[in-house]
6 protein chains.
Amino acid sequence: MTAVDLVALGEVMLRLDPGEGRVRTARSFSVWEGGGEYNVSRALRRCFGLRTAIVTALADNEVGRLVEDLMLAGGVDTSHVTWLPYDGIGREVRNGLNFVERGFGVRAPLGVSDRGNTAIAQLRPSDVDWDALFGGGVRWLHTGGILAGLSDTTPDLIEAAIDAAHRHGATVSYDLNYRASLWHGRGGRERAQEVNRRLLSGVDVLFGVPTEAPVSAATFAGHVDDLVKEFPRLRVVATTLRRVHSTNVHDWGAIVWRDGEIAESRMREGLAVLDRIGGGDGFASGLIYGLLTGLDLSLAVEYGVAHGALAMTTPGDTSMATLAEVAALATTAVADVSR
Amino acid sequence: MTAVDLVALGEVMLRLDPGEGRVRTARSFSVWEGGGEYNVSRALRRCFGLRTAIVTALADNEVGRLVEDLMLAGGVDTSHVTWLPYDGIGREVRNGLNFVERGFGVRAPLGVSDRGNTAIAQLRPSDVDWDALFGGGVRWLHTGGILAGLSDTTPDLIEAAIDAAHRHGATVSYDLNYRASLWHGRGGRERAQEVNRRLLSGVDVLFGVPTEAPVSAATFAGHVDDLVKEFPRLRVVATTLRRVHSTNVHDWGAIVWRDGEIAESRMREGLAVLDRIGGGDGFASGLIYGLLTGLDLSLAVEYGVAHGALAMTTPGDTSMATLAEVAALATTAVADVSR
Amino acid sequence: MTAVDLVALGEVMLRLDPGEGRVRTARSFSVWEGGGEYNVSRALRRCFGLRTAIVTALADNEVGRLVEDLMLAGGVDTSHVTWLPYDGIGREVRNGLNFVERGFGVRAPLGVSDRGNTAIAQLRPSDVDWDALFGGGVRWLHTGGILAGLSDTTPDLIEAAIDAAHRHGATVSYDLNYRASLWHGRGGRERAQEVNRRLLSGVDVLFGVPTEAPVSAATFAGHVDDLVKEFPRLRVVATTLRRVHSTNVHDWGAIVWRDGEIAESRMREGLAVLDRIGGGDGFASGLIYGLLTGLDLSLAVEYGVAHGALAMTTPGDTSMATLAEVAALATTAVADVSR
Amino acid sequence: MTAVDLVALGEVMLRLDPGEGRVRTARSFSVWEGGGEYNVSRALRRCFGLRTAIVTALADNEVGRLVEDLMLAGGVDTSHVTWLPYDGIGREVRNGLNFVERGFGVRAPLGVSDRGNTAIAQLRPSDVDWDALFGGGVRWLHTGGILAGLSDTTPDLIEAAIDAAHRHGATVSYDLNYRASLWHGRGGRERAQEVNRRLLSGVDVLFGVPTEAPVSAATFAGHVDDLVKEFPRLRVVATTLRRVHSTNVHDWGAIVWRDGEIAESRMREGLAVLDRIGGGDGFASGLIYGLLTGLDLSLAVEYGVAHGALAMTTPGDTSMATLAEVAALATTAVADVSR
Amino acid sequence: MTAVDLVALGEVMLRLDPGEGRVRTARSFSVWEGGGEYNVSRALRRCFGLRTAIVTALADNEVGRLVEDLMLAGGVDTSHVTWLPYDGIGREVRNGLNFVERGFGVRAPLGVSDRGNTAIAQLRPSDVDWDALFGGGVRWLHTGGILAGLSDTTPDLIEAAIDAAHRHGATVSYDLNYRASLWHGRGGRERAQEVNRRLLSGVDVLFGVPTEAPVSAATFAGHVDDLVKEFPRLRVVATTLRRVHSTNVHDWGAIVWRDGEIAESRMREGLAVLDRIGGGDGFASGLIYGLLTGLDLSLAVEYGVAHGALAMTTPGDTSMATLAEVAALATTAVADVSR
Amino acid sequence: MTAVDLVALGEVMLRLDPGEGRVRTARSFSVWEGGGEYNVSRALRRCFGLRTAIVTALADNEVGRLVEDLMLAGGVDTSHVTWLPYDGIGREVRNGLNFVERGFGVRAPLGVSDRGNTAIAQLRPSDVDWDALFGGGVRWLHTGGILAGLSDTTPDLIEAAIDAAHRHGATVSYDLNYRASLWHGRGGRERAQEVNRRLLSGVDVLFGVPTEAPVSAATFAGHVDDLVKEFPRLRVVATTLRRVHSTNVHDWGAIVWRDGEIAESRMREGLAVLDRIGGGDGFASGLIYGLLTGLDLSLAVEYGVAHGALAMTTPGDTSMATLAEVAALATTAVADVSR
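The rules we used
Residues numbered from 1 in each chain as written. Chains lettered and ligands numbered in written order. Predicted model: local features only at pLDDT ≥ 70, side-chain atom pairs only at ≥ 80, totals over all residues. Heavy atoms only, no water. UniProt positions renumbered as here; feature names shortened; annotations may be inferred. Helix = DSSP H or I, 4+ residues; strand = E, 2+ residues; numbered from the N terminus. Rg over C-alpha atoms; globule rule 2.2 N^0.38 Å. Buried < 20%, exposed > 50% of the residue type's maximum accessible area, 1.4 Å probe, protein only. Contact = heavy atoms within 4.5 Å. Areas by Shrake-Rupley, 256 points an atom, 1.4 Å probe, with all protein chains shown as cover. Lys, Arg positive; Asp, Glu negative; His and termini not counted. Charge placed at Lys NZ, Arg CZ, Asp CG, Glu CD. Least-squares fit on C-alpha atoms with pLDDT ≥ 70 in both. Expected span 1.5 Å × (residues − 1). Pairing = 2+ DSSP bridges. Axes fitted to C-alpha atoms, helices over the stretch in contact; angles between N-to-C directions. Salt bridge = Lys/Arg side-chain N within 4 Å of Asp/Glu carboxyl O. Core = buried A, V, L, I, M, F, W, Y, C linked by side-chain atoms within 4.5 Å. Buried area = accessible area lost by both parts, 1.4 Å probe. Polar contact = N/O pair within 3.5 Å; in protein donor to acceptor, adjacent residues only side chain to side chain. Nonpolar A, V, L, I, M, F, W, Y, C, P; charged D, E, K, R; others polar. Parallel < 35°, antiparallel > 145°, perpendicular 65-115°, else oblique. Left-handed = near helix turned anticlockwise from the far one by under 90°. Phe/Tyr/Trp six-rings, centres within 6.5 Å; stacked < 30°, edge-to-face > 60°. Lys NZ or Arg CZ within 6 Å of the ring centre and 35° of its normal.

Going by an unreviewed UniProt entry, chain A carries the name Sugar kinase and comes from Hamadaea flava. Of chain A, the UniProt comment under Sequence similarities (unreviewed entry) reads exactly: "Belongs to the carbohydrate kinase PfkB family."

Dropping the structure here:
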């Protein structure tokens, strides 16, 4: 594999989107691809112009090939996708599906993910040639807590990836992304924390630390101090700040700690939201871009917030923004037509 | 439950249909509901005007509720649907999905069913109150080999249903509908035959006996004789005759044996086909209508063939035809505008 | 007929909806079914889980059958629909059509109903077997002023239904729903009031009493006192309070009187509205649900307001909400994603 | 009014088209405008480049304005449309609607026209200033039996138009277009013939003489002789010849008599048909173009047949063909790509 | 040509609109026609009921014919369109295309116009018979700075039109509409001003004078004084006032000077905007309507603002509003449903 | 650049497709990417699983980025695309657009390409680092006569590419693909032949030799002999044989000469065609696959014909077929469902 800037490790699902209607009464669905870890990789490629790849697994059937078709449009290197043979019915292996409606006003977004028994949940660390992957020159590995929660074996997969990243000098980022449904019946939040704790010792950059908006810099710094005591490898800890007034109107910002320094974005009040799915991943990719390209931390966090804001103005999980738009929005508050 | 004419027992899936395109490159899907056994029940209600019901199980999530929304439009009594709680991710129970493209010309229809670990595959005989169901007055039970192949427990479910039908004097029909994928890794065709053999002893009306078109009445009769020797309860044995010239052009007919009598439909040559999925179920429902309402066998088989032909002129698995159209087509060969 | 919780009596129209565009320049329309009285019955079935039915009439043509297809998806018992033979051109009998655009911002919703000479306008009291209908066990009859205004004969129909409800112990609700167009050229508001006055003597629960938002509890109570003096049977009088800031932003609440008790909902200020058609019916069904299931009046009115609010977040006249959503929104103000 | 080549007199309806599906299960409709007489005027303008106008009436509501929007795109002069005030409900006056599905294979096209009590059915001869209309210089008037059957007053309207045409030297064409539904309950075919007989005495060019394909030139000539004896004004009598193999495969041709001369088109066997509605009007407009521009009769009939064939390759009632395409197809049998 | 109220001179492009998505990731586009000068002519015809025409040029290919189809629906007289033969590839002459997305929230509208080498850019003054055009009786000529910037020859075209308007007593309006892209590489803003200065000496009514919102009447008057000194023919100078809070929320108003009198509209704060393209043209047409029909200046400016506001509530460049809606909104602030 | 199997050199246009309707009356378009040379590269990647790249140029605007989005989904390496800055209006450089309708029955496919002054027409040989491109290891270069005809400079570009291919040992294929419109006004067919003659001396594999179906092997061999005399480098000469019965029914086959050996495919009679655009490119890619992977010539030609046939069963210029489907169809004549 040629050198890439970032590799994401995670599941890529087919998102089925009923548009302005509801899943339960839909007669048609638009489809997109999406996945918490993947979305970061895709955005860094298509919006920010870096070279990125995805490590994942798919069942080799028409649905998996559709996900591939969508990932190709995402520009992400797909040569590290593991294809598992399909059994013709989905008893042994499947592809993940995610039916999500965007909501409106007082009606919240609503999703039902159908990702039991999927290909990546069965991937073993030995199925991937980690040294070949990272040996080609990888600057960054991004993964997270969604993958960690998919099955009993995915934490081993993540651990293997982190170890390889360490061997080859790549930075490791991890998005906690806690989803109760993933841990339901498997030990709940306690088990999730146990797994995360095991993995965080190898993490350099941490996203998704739970906070309530608003949070003061001091409070956040205190919270990070506790984290760093337990996980001394951590160099960056970040979280988005979101206050939901209605499905389409959020306050939106972020706060980041780096080696003792705190940067807070402006709070974008009354932000118009079309489809919030992927907003957090949009923040993560914008911040990583800033970190990878050496932006000032205060600007990097604005890139993250601006990109997350733009990602929520389009349907689907993934971003359709451009670097020029992110850069412009990071330093302004208002949009106007250009022609 | 009030009296119904027919109860179907089987899985109902969400059909995802990319229209004139392909699943692997689709950006949107229309959705329909479908299932081999269910389609018969739906057609007898909406096309033929009988009262019908479905016995099935669904996972209680947005996808299951969408299937319910579609089944309600199908007019079928849904009060015997068992709703299983969803685990939020689909590890324990799911709803069946069926991605199918219709094909065109030299490109065959292509489907990928994603129905592993679904609700009905886990339904136990004791989950259904069979005597309450049949005690309300049911004239006919329709089920088949697709359900039988879904899991190791579904044959028990079918057996319980057949026993109840016998107790309450209902006719039992069964569509063999052999699908290799269902038996893959579970004993294959041999195991399928073993299961079918166990169930066929309780069957009165058998659909889907494998034949090649063309077949002579004598050959078919000989074949039936062998079957009746093994399964003396059989009173009707039927099969469709299909010769595929291209995806959109079939020859289409059927042959039926009843108590020693043979009826052959006219062969509809060069039949225009839009979406062949559900054609066989269309035949079954048309023939059952004829049997239930006492049509001459020769007319009943034409009803079956005409209804199957009409079901293949519309997208989706299910029929959108009317009884008037079936009756008219059963006795003619050409369509003309009415206005 | 088996026991049902509520029967609605009213016209069901085909709603033709140009989406975000306008009727006058549309090139395609989505279709839904809708009708002031029917919407209540449908919502009680699909959102609130009760058993409901519709008494109406349709012309037996393809449009009528499409309305039936939509009503079936609505889950409402259609066995009391009277089908009138179509004359092939619509001179003698028709189905009601309702072309409505949703509006945007300063552009108001705009509709043109095309419901002259429709089937239900010609239905006679003797066309329905009222005692068979109510004898099966009906808890509630809902009808209203739209039906009363459709033709000179519909008040007789309503009277017959109310009489039967009284005979069989069913509660009677009536939504005034004054529409000037219905009475144009037939005596106007004065004639409408005359007809309503004749019918209100049999009504237990009254919706749609005209008020201006805001209204004080005392003012409303005074207004109800006058009504109860004239119509002593009244036990509940309710009205929604709506202030339109723009087509997509309303203040929305309600006030209810029951046997001297007044309950006011919180006022939902700045409510986001996608399609306001059916909001009032959403309120009525939510309140009736509360009354039928014995909720506290103060909670029942919040159910009504919450359900009406949710009904206005989706396209079409009818609700796509769930009971869980209504219950949650009734006690909170903000929506958030669940996943 | 400036000089126009042809004025059509007839109703223009909104055509609602469910695409490849069926009206009875549709969830959306495309809309077009159409009407037997109007289609001829539109095609002469947009395909053949002549200047044409329509005399019709519409109810002044959003549906009527949508029909106007569509007619404007049709290029037809709309300044002679009479707008009747709408009563808000459609009791007194309406616009005509035409729900038509195209059919497929053995499933015939199926329509339900909803045109009772429409504006043009109430138009009186005195509502139109015929002399102003024809005085501007009109070469041709086209009308027909659909309009004649709409109401008891439309024959008077046609008669007034024909008289005015005669006064101003315009040729009069009339398409018999017998539709049983129009005369149902009003005297049937006998009454239709009586009305037509009254009007045909003023007609120069007659379309739609009933024939069976195939018909010999001699038989047709004999039939025309009888007609001419009764209606000596007739100069041209034409009919299309259509044999329907299936909804999408017709044999298609025409035969025309002019002053004793007979011209037969080649028979286009196995013609592919997408939507047959408007094919006959396509023939009429092509032939009229040939007659107006002085083509040889044998070529004029091929223009008619070619244009009708092209009109049936696109959805909707109206033609989307170009004069160049008609001219090319009139003299060849096969289509090839041009690029 | 018959008398018309207004003739617009300018390019008409095909607008390609990806709906709520983005051009760069679209898989389908809706199409509309549009052009700054044309939009005024279309709105005066379809919304305000005047008779209008367009002088433009198109390449004679399928795209040009599609623009014609759209212009016909716009009701504008197309008899003065010059059709240039297409070379089959677009080297010599083309039709203008305009890919524009509407934006959302913090994401601004974004367009890419593809109008190099188009037909109108090559039109010569002598290609149009100006005296025939204006001799028929034209009250108003509208053109502007977009056309002036299209090529080196278009200013001559405008000059010829203005001269003819003067000869025939028509009022001349001109919208400055400065677009940097048009002048890029051709002298920029300086050259634009030079061209405009040459043309403004013949202009009576000037739109698009650059101002910042808010502006005081005095400041605006002072600005106009300077203009009138240079261009003493000016009788009316108008500009819209727009403050963009987000793509969908603008403050919107206008200020107009006429012969020393100043009229300011109310400022519509927080106006909901769906697609802002065409808002300024909407203002111009509303004001011209007021001037042509003799409304008070203070009402005329409200008509302009109201019409511009309504034009921004629908997709596409052009207005779908009605005169009744404009008149109502001009004197109120809130929209409510009418039914 | 890493090793790739094939590099295509040519223009990639945005295809705008009105579906079953016509360009001239469309209100929406689906978009695809396409280009004669590119289509071969895309199909070898997505259908046949080889690694391929495209050398082309695009204007850097939203349309160009949309073409990139589509090419990424095509899986083709886009790192050799040259992006030219856009001038904001399209005077200096543009992206190619191709409006094409598929036709139906007697109505032929119809296109209008709008590709004057496009980016690749201005690309100079020195803009591409040919040795870097081919030095990475390229087995095959594919280009052709469409590119050669785009501008006066494109033949130089092709020549540079061929020279580089020779230097690095890559096979060179060339598709004559004569399009009259490209040479109109620039010397016509004579000039095209002159250009082709100059380029053919470097070509190994030649597609698109004009022939009429049917052609005998002997005749074809004779024709090739003449070619080889003039261009002795030629090792393979191939042509498709197509006979058009109607837009949707073709006879389809091919004949290939390789070093004196002739292979003819079976003739697929009555092949069903949905969208013929790209059929010839489908043949070329299938044959190249066979040549690259060492299939017998007789099988290779069947792969080409089968792939071309499949490419014509889906909308758009490009293939959506799979290698398994091509391999299956290459040896059979009939399609059947697999499930």
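Chemist: Quick question: what am I supposed to make of the overall build of chain A here?
Modeler: Each helix and strand counted, chain A has eleven helices and 14 strands in total. Computed over the C-alpha atoms, the radius of gyration of chain A is 19 Å, within 12% of the 20 Å expected from 2.2 N^0.38 for a compact globule of 339 residues. With respect to the three principal axes, the spread of C-alpha positions in chain A is 50 × 50 × 45 Å. Expressed as a percentage of the 339 residues in chain A, the buried residues total 67%. Taking all contacts inside chain A whose residues are at least 6 apart in sequence as the whole, residues at least 24 apart take part in 72%. Carbon and sulfur atoms provide 47% of the accessible area of chain A, an area that totals close to 10300 Å². Each charge class in chain A was averaged separately, 33 positive and 42 negative side chains, and the resulting centres sit 4 Å apart.

Chemist: I tried to follow the relation of the copies chain E and chain F on my own but got confused; where do I start?
Modeler: Note: a rotation about an axis with an accompanying shift along it relates these two copies of the chain. Overlaying chain E on chain F yields an RMSD of 0.0 Å, the required transformation being a rotation through 180 degrees with an accompanying axial translation of 0.0 Å. What the rotation and shift describe, once combined, is the action of a two-fold rotation axis. Taking the C-alpha atom as reference, chain E places F29 of chain E closest to the rotation axis, 2.7 Å from it. Mapped onto chain F, 100% of the interface residues of chain E are again interface residues, and the two copies thus contact each other with one and the same surface.

Chemist: Where do I start with helix α9 (residues 279-293) of chain E in this structure?
Modeler: Three or four residues apart is the spacing at which side chains of an α-helix point the same way, because the helix has 3.6 residues per turn. Over its 15 residues, α9 of chain E extends 21 Å from the first C-alpha to the last, a length consistent with the 21 Å expected when each residue adds 1.5 Å. The first or second residue beyond α9 of chain E is G294 of chain E, which carries a positive phi of 75 degrees.

Chemist: What is the right way to look at helix α1 (residues 36-46) of chain F in this model?
Modeler: Burial analysis of α1 of chain F places eleven of its eleven residues in the buried class, which makes it a mostly covered element. Taken together, the buried positions of α1 of chain F are G36, E37, Y38, N39, V40, S41, R42, A43, L44, R45 and R46 of chain F.

Chemist: So what exactly am I meant to see when it comes to the sheet that holds strand β2 (residues 13-17) of chain F here?
Modeler: Paired through their backbone hydrogen bonds, the strands of a sheet run either parallel or antiparallel. A sheet is described by the order of its strands in space; here eight strands give the open sequence β7(E)-β6(E)-β2(E)-β3(E)-β3(F)-β2(F)-β6(F)-β7(F), paired in mixed fashion. Of all the strands in the sheet, the pair left with one neighbour each is β7 (110-114) of chain E together with β7 (110-114) of chain F. In this sheet, neighbouring strand axes are inclined to one another by 30 degrees on average, regardless of whether the strands run parallel or antiparallel. Bridge analysis of strand β3 (residues 28-34) of chain E against strand β3 (residues 28-34) of chain F gives three bridges, and the strand direction is antiparallel. Counted as the bridge partner of S28 of chain E is S30 of chain F from β3 of chain F. Sitting on the sheet, helix α2 (residues 62-73) of chain F is in contact with β3, β6 (97-101) and β7 of chain E together with β2, β3 and β6 (97-101) of chain F, with an inclination near 65 degrees to β3 of chain F.

Chemist: When you look at the environment of H223 of chain E in this model, what are you seeing that I'm missing?
Modeler: Residue and element names in this part refer to chain E. Examined against the element boundaries, H223 turns out to sit in helix α8 (residues 217-230). Residue H223 is classed as partly exposed on the basis of its relative accessible area of 32%. When the C-alpha atoms of H223 and S151 are compared, they prove to be 29 Å apart, with 72 residues separating the residues in sequence. Aside from chain neighbours lying at most four places away, what touches H223 is V209 and P210.

Chemist: So what exactly am I meant to see when it comes to the relation of the copies chain B and chain A here?
Modeler: The operation relating chain B to chain A is a screw motion whose rotation component is 180 degrees, with 0.0 Å of axial translation and a residual RMSD of 0.0 Å. Here 100% of the interface residues in chain B have copies in chain A that are interface residues too; the copies meet face to matching face.

Chemist: Please explain the pattern of salt bridges as it appears in this structure.
Modeler: When charged atoms on two side chains of opposite charge get close, those side chains can pair. Enumeration according to the criterion identifies 163 salt bridges over all chains in this entry. Note that D69 of chain B is salt-bridged to R27 of chain A, the shortest N-O span being 2.7 Å. You can see D69 of chain B sitting in helix α2 (residues 62-73) and its partner R27 of chain A sitting in the loop between β2 (13-17) and β3 (28-34), one on each of two chains. Residue R27 of chain A is classed as partly exposed on the basis of its relative accessible area, which comes to 22%. Note that D114 of chain A and R94 of chain A form a salt bridge whose closest N and O atoms lie 3.2 Å from each other. In this pair, D114 of chain A sits in strand β7 (residues 110-114) while R94 of chain A sits in the loop between β5 (81-85) and β6 (97-101), placing the two residues 20 residues apart along the sequence.

Chemist: Looking at this structure, how should I read the nonpolar core?
Modeler: Nonpolar side chains in soluble globular proteins generally cluster together in the buried interior. Core analysis: the largest hydrophobic core is formed by 228 residues, its most contacted members being W130 of chain A together with W130 of chain B. Excluding residues within four positions of it along the chain, W130 of chain B makes contact with L9, V55, P125, G135, L157, A160, A161, A164 and R167 of chain B.

Chemist: Explain unusual backbone geometry to me, please; I cannot follow it from the model alone.
Modeler: Residues other than glycine predominantly adopt negative phi, and peptide bonds predominantly adopt the trans conformation. Positive phi, normally seen in glycine, also occurs at N117 of chain A, with a value near 65 degrees. For N117 of chain A, the position within the fold is in the loop between β7 and α3 (130-135).

Chemist: I keep staring at the interface of chain E and chain F and nothing clicks. Help me out?
Modeler: Interface size is often expressed as the accessible area that is lost when the parts come together. Taken together, the contact pairs 41 residues of chain E with 41 residues of chain F. A combined buried area of about 3500 Å² lies between chain E and chain F, and 54% of that area is made up of carbon and sulfur atoms. Counting the contacts that link chain E with chain F gives 23 residue pairs in polar contact (both at pLDDT 80 or more). Broken down by secondary-structure element, the contributors of at least two residues to the side of chain E that touches chain F are β2 (13-17), β3, α2 (62-73), β6, β7, α4 (145-150) and α6 (180-183) of chain E. Ranked by the residues each element gives to the side of chain E that touches chain F, the list is headed by α2 of chain E, at six residues. Of the residues assigned to the side of chain E that touches chain F, the class counts are 17 nonpolar, twelve polar and twelve charged.

Chemist: In this structure, what is going on with the packing of helix α2 (residues 62-73) of chain D against α2 of chain E? I would like to understand it.
Modeler: Helix packing geometry: the angle between the two helix axes and the distance between the axes. α2 of chain E packs onto α2 of chain D with a crossing angle of 140 degrees between their chain directions and a minimal axis gap of 6 Å. In this view, α2 of chain D runs oblique relative to α2 of chain E, as classed from their interaxial angle. Where α2 of chain D crosses over α2 of chain E, the handedness of that crossing is right-handed. Contact with α2 of chain D, carried on its side by D69, L72 and A73 of chain D, involves D69, L72 and A73 of chain E of α2 of chain E and no other residues of that element. Classifying every residue of the contact of α2 of chain D with α2 of chain E by side-chain character gives four nonpolar, no polar and two charged.

Chemist: What is the right way to read the packing of helix α5 (residues 154-167) of chain E against helix α7 (residues 188-200) of chain E from this model?
Modeler: Residues and elements named next belong to chain E. Orientation of α5 relative to α7, taken along the N-to-C sense of each, is 15 degrees, at an axis distance of 10 Å. Between α5 and α7, the angle falls in the class roughly parallel. For the pair α5 and α7, the sense of crossing is right-handed. When α5 is examined against α7, the residues P155, D156, I158, E159 and I162 are found in contact with a partner set consisting of V195, R198 and L199. Residues that form the contact of α5 with α7 fall into these classes: five nonpolar, no polar and three charged.

Chemist: Help me understand the interface of chain B and chain A, please; the structure alone is not making it clear to me.
Modeler: Contact residues are listed per partner, giving 41 residues for chain B and 41 residues for chain A. The interface formed by chain B and chain A includes six salt bridges. For E62 of chain B, the salt bridge goes to R24 of chain A, with nearest N and O atoms at 3.1 Å. At the boundary of chain B and chain A, one finds 23 residue pairs in polar contact (both at pLDDT 80 or more).

Chemist: Looking at this structure, I do not really get the UniProt feature "domain: Carbohydrate kinase PfkB" (unreviewed entry) in chain A. What am I missing?
Modeler: Residues given the UniProt feature "domain: Carbohydrate kinase PfkB" (unreviewed entry) here are residues 6-319 of chain A. Along residues 6-319 of chain A the backbone is 35% helical and 27% strand, and the end-to-end C-alpha distance reaches 17 Å.

Chemist: Hey, could you run me through the side chain of N177 of chain F in this one?
Modeler: The residue N177 of chain F is located in the loop between β9 (171-175) and α6 (180-183) in this model. Contacts of N177 of chain F, omitting those with residues within four sequence positions, involve I146 and D281 of chain F.

Chemist: Just checking my understanding: could you explain the pairing of strand β6 (residues 97-101) of chain D for this structure?
Modeler: Looking along a regular strand, one sees the side chains alternate between the two faces of the sheet. Residue and element names in this part refer to chain D. Burial analysis of β6 places five of its five residues in the buried class, the great majority of the element. Where burial is concerned, the two faces of β6 agree: the one with L97, F99 and E101 and the one with N98 and V100 are both buried. Where strand β2 (residues 13-17) meets β6, three bridges bridge the pair, whose relative direction is parallel. Each bridged residue has a counterpart across the sheet, and for L16 the counterpart in β6 is F99. The pairing of β6 with strand β7 (residues 110-114) spans five bridges and is classified as antiparallel. Within β7, the residue paired with V100 across the bridge is G111.

Chemist: Would you explain the packing of aromatic side chains in this entry?
Modeler: Under the counting rule described, the total for this entry stands at 24 aromatic pairs over all chains. When the ring of F207 of chain B is compared with that of F283 of chain B, the centres are 6.1 Å apart and the planes differ by 85 degrees; the resulting orientation is edge-to-face. Here F207 of chain B is found in strand β10 (residues 205-207), whereas its partner F283 of chain B is found in helix α9 (residues 279-293), with 76 residues between them in sequence. Its relative accessible area of 2% is what places F207 of chain B among the buried residues. Exposure remark for F283 of chain B: the relative accessible area of 2% places this residue in the buried category. The ring of Y178 of chain A has R189 of chain A sitting right over it, with the charged end atom 4.0 Å from the ring centre.

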